[in-house]
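A look at the structure
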Amino acid sequence: MTLFLITFAIIGFVILMMSVGVIFGRPAIKGTCGGLNGGDCICAQKCEKRLKLEAEGKA
């Protein structure tokens, strides 16, 4: 039972820390602009790859 409570407390702490990051409006997670299955780009500044894909799609 002690192990369960310790694990529960650790997971709760991690969730709390993630929610604090969201509350303070941190920027979007850095990474590729592609999204899943070519989804919409949520990047503040689009990368070269995304700009190229959008230019080809509109042409």
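Presented here is an overview of the structure given in this document. None of these values were measured; they are calculated from a predicted model.

Assigned secondary structure in the protein chain consists of two helices and zero strands. Going through the 59 residues of the protein chain one by one, you find that 5% of them count as buried.

Aromatic ring pairs are defined here through the distance separating the ring centres and the angle between the ring planes. Counting across every chain of the model gives one aromatic pair. Both rings, one in Phe4 and one in Phe8, keep their centres 6.1 Å apart while their planes meet at 25°; by these two values the pair is stacked. In this pair, Phe4 and Phe8 are both assigned in helix α1 (residues 2-23), four residues apart and thus about one turn of the helix distant. Judged by its relative accessible area of 58%, Phe8 is exposed.

Glancing now at α1. Given a rise of 1.5 Å per residue, 22 residues ought to cover 32 Å, and the 31 Å separating the end C-alpha atoms of α1 matches this to within 8%. Gly25 lies just past α1 and shows a positive phi near 65°.

Taken together, Ile6, Ile10, Ile11, Phe13, Val14, Ile15, Leu16, Met17 and Met18 make up a surface patch of nonpolar side chains, about 890 Å² in accessible area. Within the secondary structure, Ile15 sits in helix α1.

Cut-offs used in this document
Note on numbering: residues in each chain are counted from 1, in written sequence order. Whole-chain, interface and lining totals are the exception, using all residues; otherwise, since this is a predicted model, local features are given only for residues with pLDDT of at least 70 and side-chain atom pairs are given and counted only at 80 or more. Based on all heavy atoms of the structure, the side-chain values leave hydrogens and waters out of the count. In this text, helices come from DSSP runs of H or I with a minimum length of four residues, and strands from runs of E with a minimum of two, each type numbered from the N-terminal end. Only protein chains enter the accessibility calculation, which uses a 1.4 Å probe. A residue is then buried if its area is under 20% of the maximum for its type, exposed if over 50%, and partly exposed in between. Each pair of aromatic rings taken from Phe, Tyr and Trp, with Trp reduced to its six-membered ring, is defined by centres within 6.5 Å and is described as stacked if the planes are under 30 degrees apart, edge-to-face if over 60, and tilted in the remaining cases. What a helix is expected to span follows from its residue count: subtract one and scale by 1.5 Å. Within this analysis, patches are made of residues with over 30% relative accessible area and no salt bridge. Like charges are joined at 9 Å or less; nonpolar side chains (Val, Leu, Ile, Met, Phe, Trp, Tyr) at 5 Å or less. Computed with a 1.4 Å probe, the accessible areas rest on the Shrake-Rupley method; for each residue, only the protein chains presented here act as cover. Only one rule defines a salt bridge in this text: a Lys or Arg side-chain nitrogen within 4 Å of an Asp or Glu carboxyl oxygen.

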